[in-house]
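Next come the chains, spelled out residue by residue.
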Amino acid sequence: MSTCHLHSSTAGQDPAWLVCCAEMAMEERARSCLLRFRHRLEQDIKPSYLMDHMVSDGVLSVDEEERIRTQPNRKDQAVALLELLLKKDNRAYISFYNALVKEAYDDLASLLQDDLPQMLPDAHNKSSDGSVAYVQAVLSEGGVPQRPVVFVNRPELVNRVREKLYRLLKEPGWVTVFGMAGSGKSVLAAEAVRDHRLIEECFPGGIHWLSIGQLDKPDLLVKIQSLCFRLEQSLDSQSLHRPSNSLDEAKERLRFLMLRRYPRALLILDDIWDSTVLKAFDIHCRILLTTRNRSLADSVSGAKYEVEVESGLDENKGLEILAKYTELNRLPEEARSIVRECKGSPLVVSLIGALLKEKPNRWDYYLRQLQQKQFKRIRKSSSYDYDALDQAMAASIEVLPDEHRELYKDLTVLEKDIKVPAKVLSVLWDLEAEEVEDILEEFVNKSLLFVDNHNKPYQYYLHDLQLDFLVEQNRTQLESLHTKVVHQYQQHYRDGPPTSGDEECLYWIRFLTYHMAKANLSQELYSLMFSLDWVSIKAQIMGPAHLINDYVEYGPILDKENSEVRSQFQEFLSLNGHQLEQRPFPDVVQLALSEPRSSEVYRQALLQAQDRTSAGKLYFDWLNKNSVESLSRLVIHPHQGSIYSACFSHDGTKIASSGASKTLKVFKSTSGEKLTEIQAHDDEVLCCAFSPDDRLLATCSSDRKVKVWNVEKGMRLRVFEEEHQEQVNHCEFTNTSQRLLLATCSNDKFLNVKLWNLNKPSSQNTMFGHFEPVNHCCFSPDDTYVSTSSNDGTIKLFQVSSANEWKTINVKNMFTDSDEDVLVKCSTWTADGKHIICAARNAVLVFDVETSDMLLEIKTNRLSTVQYCHACPTSNLLAIAFSNYAVELWDLESNKKMADCSGHLSWVQRVQFSPDGSQLLSCSDDQTVRLWEPKKVHTSSAVHLKRDSDVLFSDEEIIVSAADNCNRLQVRDGRSGSVVFQSEEKSSRIRCTCMFRQPSAVVLGQEDGTVQAAGMTASQVLRRVGCRIRRLLTSYRRLVLAVGLCTGSVQVLEVPSGKLLATLLGHTKTVLHCQFSQNGQTLITSSEDTTIRVWKWQSGECKVLQGHKEQVRCFALLSNSPAETRLLSWSFDGTVKMWDIESGEKLQDIEAHRGAILSCHVSPDGCLFATTSADKTAKLWHCESWQCVHTLSGHQDCVRSCRFSWDSRRLATGDDNGEIRCTWEE
């Protein structure tokens, strides 16, 4: 992090946003406005920051500022400022207004805006730092920090940075500003872009600042999500996307925005620490970064330029800082010595300057303090040894009042690069917010703390080096300091965690677990993280990524209390993490009720559901679920950090893994026992691969090197480090040893695919054709071809023998629904070599190798992206890894999902079958490798029942009949889930099913017109009717079956003989619904032909109910009507009608909705009925008066269904957006 001094402008310059006007006494309406809003202004403003601008504008004298500053607290200062302002002229009013705007008091400025004095027509607005208002607006919108308090210009360095930035005029690239900690890199970067010409010529798309620091992946994801949201807000509302679920997805979204929407914008990444973070921004755009590590940009692709910031200011600049703090025109002799002892560090010079401002007679004293070098750190937290900083920090802390010195010590617990609002410290110190702000202002004035006043509320932070000093000085008290944080939080939030979503809330929700772990408060950490309430609150406010990261990071602590409960919460998050990304936020209690009954998650959910149902809420408890055990056979935790690659040896006995830890490890596949560990590379190891005889392992890395290792000895045999100029993404050996070759691919612009003969020092061949990074390469089963998958949206097949391109498969042409880039992640060959399968976006595509035709598309969850896929070498199974933590198995022949392999807690990076297909491994960012047995997960999760079903409720028994995804009829016990009956697989699709109560029997209707019964003695065909069957219904009292056909006819059959009892002709289009009366003598049918027919089916007598103008999909007999003679019908024409079926008379007819009516339900007590519609509303009607009792709005899509509860007090409605709303009678 670069230094940032305090804040003040040079007097005499014009302020930003200044509205020029004739100098005169304050207009009466302006004065009245100040008086009207005086109390509000006094409550909210922070006068010290506003007065800086007003002094610069010349409307406030230094003496007047000093008199106001001597007031005892912020409130009194505000009162004094307003009192003075009321005595001044129009210029003072305008200056005060502009200061409010500059300091982000937009709400207060808006109060004064309407009464601004008349502006002159030739007013020319310039900002206080000499830039035009346009520049100020661009920088403010992009989040670029303002100049520090005491700003010293470094024109030579600024011009060098600008010169490098002009190099980005015609092409994307990187400008790296590097230097030691505290050398002023951030201030320099901000100053370099404060230039009108530079912005207009090079970056008309804007300047976008992102403070990075030391981040883990969840924090980085949140940073990119917020940047994307900021960029999208400037576009039309249709450009707003849901937050990305994974880093890969966020990176692609940012790539799209920067390349397509902001192609000439500059992205500034401040304080980058490691290459992993930087690679998330390797998206072919224009980037300025500040860092301590000069070589970081080596890990990314594109043109690179750099500017070194010397470790210190020159002597004259150091003296200038001291002069500005002390306001002396002539500095004493000690000043030069002080600057030399500070080693030119802007941070240290500022600390001393702030001390001298308050104690101007201590020049010699502070010089001696710096020269003593009494602080020798036993253990450095920083790699930079700043003895001068230690002395300056000690001296600055020493002059604080005793009580403030203790409060400053409390800041030791802050994480690096984290900014906190005053409200958090108000809780920690148990002080009023105004008092806290005054104390923080004192720290800021002494350069002991820094303030980010770009947005409200202001946020405060320490420089990394200051935090290092505090940690070193208070190392023995760290645990007690963190304990204080936790206890103060618990005292303040006795009634539960904050949920406001403001900056204070975000801090506590994000860092409370961190403070508990550092305080060694294990019991408190258990109670918090094993709480469903905490899971719900943190997921809703922060998203699931941070929550899941907590379970990974603090897993060892939680396991000491109860590893089983920890695994239950992890399993719950693994299965539901992607759902916790959704908005509106789902009900976590309802999600948790789907957990096994033995789970602590389910136990807590059940208690909460029971408590809430007593207050009228509705929950569903899944009765027939089984206690699902984890399906993974073995879980290995090989590395600290993300695992990017894992693979089987060809004999299936070993597993190799590699990842962010820069190591390569080998394990037994049976037990997970570690066999070998190698410190393989200088950066992340992105891939590892066994040779065909399992004697060798190849690795490739972000360090641009490819290495080959002896597996048994753990020795390096070869290293290829000269030819790839960018990170190497993938490596793979040929499938046989007959002609052993190694293929590699990289992010290089042109020379990105290479073949290596291990006996040669350089590559044997380079494949040309891709002009974007290549993500993956693999050999065909017979080693004739190598396939490559690239960010250019193609797969290319190269001949191994000649290295010539054989053909290109254009994958991006398969995605026509969006103009976003299509990045092909990987490819895999089927065992026969005839098909090649690739992963791109949220789909897996299967192509014919010979013709390049797409044969199959597996469209997966739109809310996740496919990370990787691998075809089983011995079956039709395909394993797919997702960004939503899932692994799925698909049957390529039937295009059906066969299994879900749940258990990972983060993005799954890779999957691979063992050579014999008996095992599957997956590796993830959650630091685990999991092994699965495909046959077991296949059989345990293969069955999915379809929605065309029938259910019988009788006493305690629930029986369900439905077709499954294999087109078999299944009858299941509803409570246990056990199969009562299962038919053989049918050749024609099962369209509908219904059940008889006595004796127990089930009937199915098929696409080809076959009606079949099962369950009496054996399965038998009742009849073939010759056309598609749309509806089956059994008579209540007899074994009689009604069959509605697509031709419009209705057949009545006897069961079990199949004898045709009647054929009812009349409807001219498909029969959509049929129902017997309770006595079984009357049959009612409705049709696409807009009519309802009432049949005396034995005689063929028929009444036609006409009046609807569109199809009648359903109707209902009103059971409380005399002799069940009244019928309610509804239609796509938006009307509801009531009929007397005896006379055929229409009793009621209302225009219920503006759109089609999609469902209707009558309450069990017969008093009300509900309708739902495509117009996104549901309505409640009184059955007697036919008056609309309530219109229920709030659904965001077509309301598809509705249902009353058994007691008629509640109504559930469901829409096409997947949302269910429950309404109940008060």
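Only a predicted model underlies this, so the values are computations on that prediction, with no experimental measurement involved.

A. Structural context of the overall build of the protein. The secondary structure content of the protein amounts to 32 helices and 63 strands. Split into buried and exposed, the 1226 residues of the protein put 58% on the buried side. Counting only contacts in the protein whose residues sit at least 6 apart along the sequence, the fraction spanning at least 24 positions is 54%. When the accessible area of the protein is evaluated, it comes to approximately 51,100 Å², of which 46% is carbon and sulfur surface.

B. Here's a closer look at a nonpolar patch on the surface. Together, F750, L751, F768 and F771 make up a nonpolar patch on the protein surface, roughly 430 Å² of accessible area in all. The topology assignment puts F750 in the loop between β19 (742–746) and β20 (753–756). Owing to a relative accessible area of 45%, F750 belongs among the partly exposed residues under this scheme.

C. The sheet that holds strand β30 (residues 866–871), seen in detail. Spatially, the four strands line up as an open sheet ordered β30-β31-β32-β33, and their pairing is antiparallel. At either end of the open sheet lies a strand with only one pairing partner, and these are β30 and β33 (896–901). Neighbour-to-neighbour, the strand axes of the sheet open up by a mean angle of 25 degrees, direction not taken into account. Pairing geometry for strand β32 (residues 887–891) and β33, over five bridges, is antiparallel. Residue W890 lies in a different strand from β33, and its bridge partner there is K897.

D. Focus on the packing of aromatic side chains. All told, the structure shown has 18 aromatic pairs when counted by the stated rule. Pairing F750 with F771 gives two aromatic rings, centres 5.7 Å apart and planes at 75 degrees, and the pair type is edge-to-face. Placement of F750 in the loop between β19 and β20 and of F771 in the loop between β21 (765–767) and β22 (774–779) is noted, with a sequence separation of 21 residues between them. One aromatic cluster is present, built from ring pairs that chain together Y489, Y493, Y507, W508, F511 and Y514. When the ring centre of Y365 is taken as origin, the NZ or CZ atom of R362, which lies over that ring, is 5.6 Å away. Above the ring of Y461, the side-chain terminus of K419 is found at 5.0 Å from the ring centroid.

E. Up close: the sheet that holds strand β53 (residues 1114–1117). In space, the four strands of this open sheet follow the order β53-β54-β55-β56, with antiparallel pairing throughout. Two strands bound the open sheet, and with one partner strand each, they are β53 and β56 (1146–1151). Sheet twist, expressed as the mean angle between neighbouring strand axes with direction ignored, is 15 degrees. Two elements, β53 and strand β54 (residues 1126–1130), share four bridges in a ladder whose sense is antiparallel. Bridged to A1116 within β54 is L1128.

F. Spatial organisation of the pairing of strand β60 (residues 1188–1192). Note: strand β59 (residues 1178–1182) against β60, four bridges, orientation antiparallel. Directly across from W1181, in β60, lies its bridge partner C1188. Here β59 folds back onto β60, and the loop between the two strands holds five residues, one of which, W1186, carries a positive phi near 60 degrees.

G. Quick peek at a negative patch on the surface. Negative charge collects at one region of the surface, where D430, E432, E434 and E435 lie side by side. Assignment of secondary structure puts E434 in helix α22 (residues 433–445). On the basis of relative accessible area, E434 is assigned to the partly exposed category, the value being 35%.

H. Up close: the pairing of strand β26 (residues 824–829). The buried count for β26 comes to six of six residues, which makes it a mostly enclosed element. Note: β26 against strand β27 (residues 835–840), five bridges, orientation antiparallel. Paired with T828 across the strands is I837, a residue of β27. The turn joining β26 and β27, which pair antiparallel and follow one another in sequence, is formed by five residues; a positive phi near 75 degrees is taken by G833.

I. Representation of the environment of R336. With respect to the helices, strands and loops of the structure, R336 is situated in helix α16 (residues 334–341). With residues near it in sequence (within four places) discarded, R336 still touches E315, N316 and L319.

J. Quick look at the pattern of salt bridges. Using the criterion set out here, one finds 59 salt bridges in the structure. A salt bridge links E306 to R294, with the shortest nitrogen-to-oxygen separation between them at 2.5 Å. Here R294 lies in the loop between β4 (286–291) and β5 (303–309) and E306 lies in strand β5, a separation of twelve residues in the sequence. Exposure remark for E306: the relative accessible area of 34% places this residue in the partly exposed category. In this structure R294 comes out as partly exposed when scored by relative accessible area, which is 47%. Via salt bridges that share partners, E27, R29, R36 and D115 belong to a single interconnected network.

K. Representation of unusual backbone geometry within the structure. Phi angles above zero are rare outside glycine, and D417 is one such case at about 65 degrees. Residue placement: D417 occurs in the loop between α20 (402–410) and β6 (420–421). Classification of D417 by relative accessible area gives buried; the value is 17%. One non-glycine residue, D694, adopts positive backbone phi at about 65 degrees. Tracing the sequence through the fold places D694 in the loop between β14 (685–690) and β15 (696–701).

L. Structural detail: the environment of D964. Mapped onto the elements, D964 comes out in strand β38 (residues 957–964). Assessed through its relative accessible area of 0%, D964 is described here as buried.

M. Quick peek at the environment of L467. Topologically, L467 is positioned in helix α23 (residues 464–473). Look at L467 and you get buried, because its relative accessible area is 4%. In the structure, L467 is positioned 52 residues away from E415 in sequence and 8.5 Å away in space, judged by C-alpha atoms. If near-sequence neighbours (up to four positions away) are discounted, L467 is found in contact with L411, T412, L414, E415, K416 and L462.

N. Region of the structure containing the nonpolar core. Counting residues in hydrophobic clusters, the biggest one holds 180 residues, and the most contacted among them are F96 and F281. Leaving out residues up to four positions away in the same chain, F96 has contacts with L34, L41, I45, L50, M54, L81, L82, L85 and L112. A871, A881, L889 and F913 belong to the second-largest nonpolar core, a separate cluster that totals 32 residues.

O. The side chain of D792, seen in detail. Positionally, D792 belongs in the loop between β23 (785–790) and β24 (794–799). We note that D792 is buried and unpaired, the nearest opposite charge coming from K796 at a distance of 5.5 Å. Among the polar contacts made by the side chain of D792, one reaches the side chain of H770 at a distance of 2.8 Å. With residues near it in sequence (within four places) discarded, D792 still touches H770, F771, E772, K812 and V822.

P. Representation of the packing of helix α12 (residues 217–233) against helix α13 (residues 247–261) in the model. It is at 10 Å that the axes of α12 and α13 come closest, and there the two elements cross at 30 degrees. With respect to α13, the element α12 is oriented roughly parallel. In this structure, α12 crosses over α13, and the sense of that crossing is left-handed. Residue-level inspection shows K217, L220, L221, I224, L227, C228, L231 and E232 of α12 in contact with α13, the latter providing L247, A250, R253, L254, L257 and M258. For the contact of α12 with α13, the residue count by class is eleven nonpolar, no polar and three charged.

Q. Region of the structure containing the side chain of T676. Its location among the elements puts T676 in strand β13 (residues 674–679). In this structure, T676 is in contact with L664, K665, V666, V711 and G714, ignoring residues within four places of it in sequence.

R. Molecular detail of the packing of helix α21 (residues 422–429) against helix α25 (residues 503–518). Relative orientation of the contacting elements α21 and α25 amounts to 60 degrees, with a least axis distance of 7 Å. Regarding the angle of α21 to α25, the classification is oblique. Of the residues in α25, those in contact with K423, V424 and V427 of α21 are E504, Y507 and W508. The residue inventory of the contact of α21 with α25, partitioned by class, reads four nonpolar, no polar and two charged.

Criteria and thresholds
Residues numbered from 1 in each chain as written. Predicted model: local features only at pLDDT ≥ 70, side-chain atom pairs only at ≥ 80, totals over all residues. Heavy atoms only, no water. Helix = DSSP H or I, 4+ residues; strand = E, 2+ residues; numbered from the N terminus. Buried < 20%, exposed > 50% of the residue type's maximum accessible area, 1.4 Å probe, protein only. Contact = heavy atoms within 4.5 Å. Areas by Shrake-Rupley, 256 points an atom, 1.4 Å probe, with all protein chains shown as cover. Patch = residues over 30% accessible without salt bridge, like charges linked within 9 Å, V, L, I, M, F, W, Y side chains within 5 Å. Salt bridge = Lys/Arg side-chain N within 4 Å of Asp/Glu carboxyl O. Pairing = 2+ DSSP bridges. Axes fitted to C-alpha atoms, helices over the stretch in contact; angles between N-to-C directions. Phe/Tyr/Trp six-rings, centres within 6.5 Å; stacked < 30°, edge-to-face > 60°. Lys NZ or Arg CZ within 6 Å of the ring centre and 35° of its normal. Lys, Arg positive; Asp, Glu negative; His and termini not counted. Charge placed at Lys NZ, Arg CZ, Asp CG, Glu CD. Core = buried A, V, L, I, M, F, W, Y, C linked by side-chain atoms within 4.5 Å. Polar contact = N/O pair within 3.5 Å; in protein donor to acceptor, adjacent residues only side chain to side chain. Parallel < 35°, antiparallel > 145°, perpendicular 65-115°, else oblique. Left-handed = near helix turned anticlockwise from the far one by under 90°. Nonpolar A, V, L, I, M, F, W, Y, C, P; charged D, E, K, R; others polar.

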